[in-house]
Amino acid sequence: MYDALVIGGGPAGLQAALTLARMHRPTLLLDSGTYRNGPAQGMHNVLTNDGRHPAEFRAVVRGELAAYDDVEVRDIAADSVERLDDKTFAVGLADDSVVIARNLVLATGLRDVMPDVPGFAEAWGRSVHMCPFCDAHELSGRRLAVEEAEGAPHVVAMLSPIAASVEVVPPVTSVEMTSEGLHVASSSSRVVVDALFTHPEFEQAAPFASQLGLELNESGCVAIDSFGRTSMPGVYAAGDLAHVEDLPQPVMSVLAAAYAGQVAGSSVLSDLIAPVAQSA
Ligand SMILES: Cc1cc2nc3c(=O)[nH]c(=O)nc-3n(C[C@H](O)[C@H](O)[C@H](O)COP(=O)(O)OP(=O)(O)OC[C@H]3O[C@@H](n4cnc5c(N)ncnc54)[C@H](O)[C@@H]3O)c2cc1C
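Residues numbered from 1 in each chain as written. Predicted model: local features only at pLDDT ≥ 70, side-chain atom pairs only at ≥ 80, totals over all residues.

## Digging into the overall build of the protein chain
Using the following cut-off: To qualify as a helix, a DSSP run of H or I must reach at least 4 residues; to qualify as a strand, a run of E must reach at least 2; elements of each kind are numbered from the N terminus. This radius of gyration counts C-alpha atoms alone. The globule rule is 2.2 Å times how many residues there are, raised to the power 0.38. Here a residue counts as buried when 20 or more other C-beta atoms fall within 10 Å of its C-beta, as exposed when 12 or fewer do, and as partly exposed in between; the C-beta atoms come from the backbone. A pair of residues counts as a contact when their C-beta atoms, built from backbone coordinates, are separated by no more than 7 Å.
Check the secondary structure of the protein chain and you find seven helices and 18 strands. At 21 Å, the protein chain has a C-alpha radius of gyration in line with the 19 Å of a compact globule built from 280 residues. C-alpha extents for the protein chain along the principal axes are approximately 65 × 35 × 35 Å. Here the protein chain holds 280 residues, and the buried ones make up 38% of them. Taking the intrachain contacts of the protein chain between residues at least 6 apart in sequence as the baseline, contacts between residues at least 24 apart amount to 57%.

In structure tokens form, the structure reads like this:
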């Protein structure tokens, strides 16, 4: 019986596990090895880690976790989550084993849904980006395009001081990376630029919020309070998959995910010790 089972080994899950490890709470972290920033060659806007490869970042944190006796990390996917009673959860793993924990921290992130646009998936994270904070600076003085959408003027305003040129293009029908740049085609135009900014749809990367019947926000992300608590006692959520009601969607950054992981880990601890603290 673990005090906490953290599902997800991105920045949110790693930080939640570190927080609990430092409080000597038996914790198991599960990681299926699929990360939202998997296609990225470097993380940016992340203090002390600006430009570091995401895999290297995770390896460093795994090394830090290894120094703590109370945390165990397993590279395996969880398949199912079930609430057995008030304070016991059973998690089925890909090898058909089952682990039991008093609390769950869901940190399974989001999956970007690649549109049915030829070339898009190959260019995603390389020449097609969504986040100016993450990727614009490296494109200083280059030719950029922004796909027409509700937030496009905002993105153009963000990119204008950085790029040599920024143009808004109609809904994209194909992209192709070539030696002269990124060919971006739409029904009425064809341009060659150095990169395209756009926002694909996203969805929950794992089925656990739905398996548990957790309350969701309009964005499709798990509804949490400021302490990372979901609508079900004993279940916490952190990172891209969840946000508080005041926000339209999660902040979607490495540091925001790590912050949320720390908050969720602290809340697990607070709720674990509450009965002891009250009777003392
Ligand atoms: C292309 C791209 C580039 C980005 N660049 C930056 C950047 O430069 N700077 C920045 O701050 N942010 C960047 N981001 C955003 C950042 O990657 C995310 O905000 C951050 O990774 C969210 O962390 P997370 O822990 O919530 O989820 P993730 O990092 O996606 O981690 C999810 C974890 O859950 C695990 N998981 C999922 N399902 C299961 C399961 N069934 N069983 C077990 N484990 C499971 C996964 O294997 C993974 O370990 C980028 C995003 C993208 C798409």
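So, next bit.
## What to know about the nonpolar core
Note the threshold: We define a nonpolar core as a collection of buried residues of the types Ala, Val, Leu, Ile, Met, Phe, Trp, Tyr and Cys that are connected via C-beta atoms lying within 7 Å of each other.
Of all hydrophobic cores here, the largest spans 49 residues; its most connected members are Leu 5, Ile 7, Leu 104, Val 105, Leu 106 and Ala 238. Not counting the four nearest positions on each side in its chain, Leu 104 is found in contact with Leu 5, Ile 7, Val 81, Phe 89, Gly 234, Val 235 and Tyr 236.

## Some details on unusual backbone geometry
Where the residue is not glycine, phi is negative for most of them; where a peptide bond is considered, it is trans in most cases. At Thr 48, a position not held by glycine, the phi torsion is positive, near 70°. When you line up the elements, Thr 48 lands in the loop between strand E2 (27–30) and helix H2 (54–65). Among the residues examined, Thr 48 registers 6 C-beta atoms within 10 Å and is labelled exposed.

## Overview of the pairing of strand E9 (residues 143–147)
Put simply, the rule reads: For two strands to be treated as a pair, DSSP must find no fewer than two bridges joining them. By convention a crossover is right-handed if, when the strands point away from the viewer, the path from the first strand over the helix to the second runs clockwise.
For E9, a buried count of four out of five residues is recorded, marking the element as mostly surrounded by other parts of the structure. Here five bridges tie E9 to strand E10 (residues 165–169), and the two strands are oriented parallel to one another. In the strand pairing of E10, Val 146 is matched with Val 168. Taken together, E9, helix H5 (residues 152–159) and E10 constitute a β-α-β crossover, and its handedness is right-handed. As judged from the three bridges shared by E9 and strand E14 (residues 195–197), these two strands associate in the parallel manner. Its bridge partner being in E14, Val 146 is matched across the sheet by Phe 197.

## A short note on the site of the ligand
Rule in force here: A molecule or strand has a residue near it when that residue's C-beta atom, placed from backbone coordinates, lies within 6 Å of it. In this classification, Asp, Glu, Lys and Arg are treated as charged, Ala, Val, Leu, Ile, Met, Phe, Trp, Tyr, Cys and Pro as nonpolar, and every other residue, Gly included, as polar. Delimitation of the domains relies on an automatic or database domain assignment.
Taken together, 39 residues form the shell around the ligand, and within it Gly 8, Gly 10, Asn 37, Gly 109 and Gly 239 come nearest. For the shell around the ligand, the elements supplying multiple residues, two or more each, are helix H1 (11–21) and helix H7 (254–279). The residue makeup of the shell around the ligand, split by class, is 20 nonpolar, 15 polar and four charged. Each of two domains, domain 1 (2–112 + 201–279) and domain 2 (120–197), supplies a minimum of three residues to the shell around the ligand.

## What to know about the packing of H1 against H2
We count it as follows: Helix axes are fitted to C-alpha atoms over the stretch in contact, other axes to C-alpha atoms as well, and angles between N-to-C directions run from 0 to 180 degrees. Note that the term roughly parallel is reserved for angles under 35 degrees, roughly antiparallel for angles over 145, roughly perpendicular for angles of 65 to 115, and oblique for everything else. Handedness of a crossing is defined here by the sense of rotation of the near helix relative to the far one, left-handed for an anticlockwise turn of less than a right angle and right-handed for a clockwise turn.
Between H1 and H2, the least distance of the axes is 10 Å, while the angle of their chain directions is 15°. Considering the angle they form, H1 stands roughly parallel to H2. Note on packing geometry: the crossing formed by H1 with H2 is left-handed. Seen from H1, the contacting residues are Leu 14, Ala 17, Leu 18 and Ala 21; seen from H2, they are Arg 58, Val 61, Glu 64 and Leu 65. The residue inventory of the contact of H1 with H2, partitioned by class, reads six nonpolar, no polar and two charged.

Purely spatial values, then, with no claim about function.
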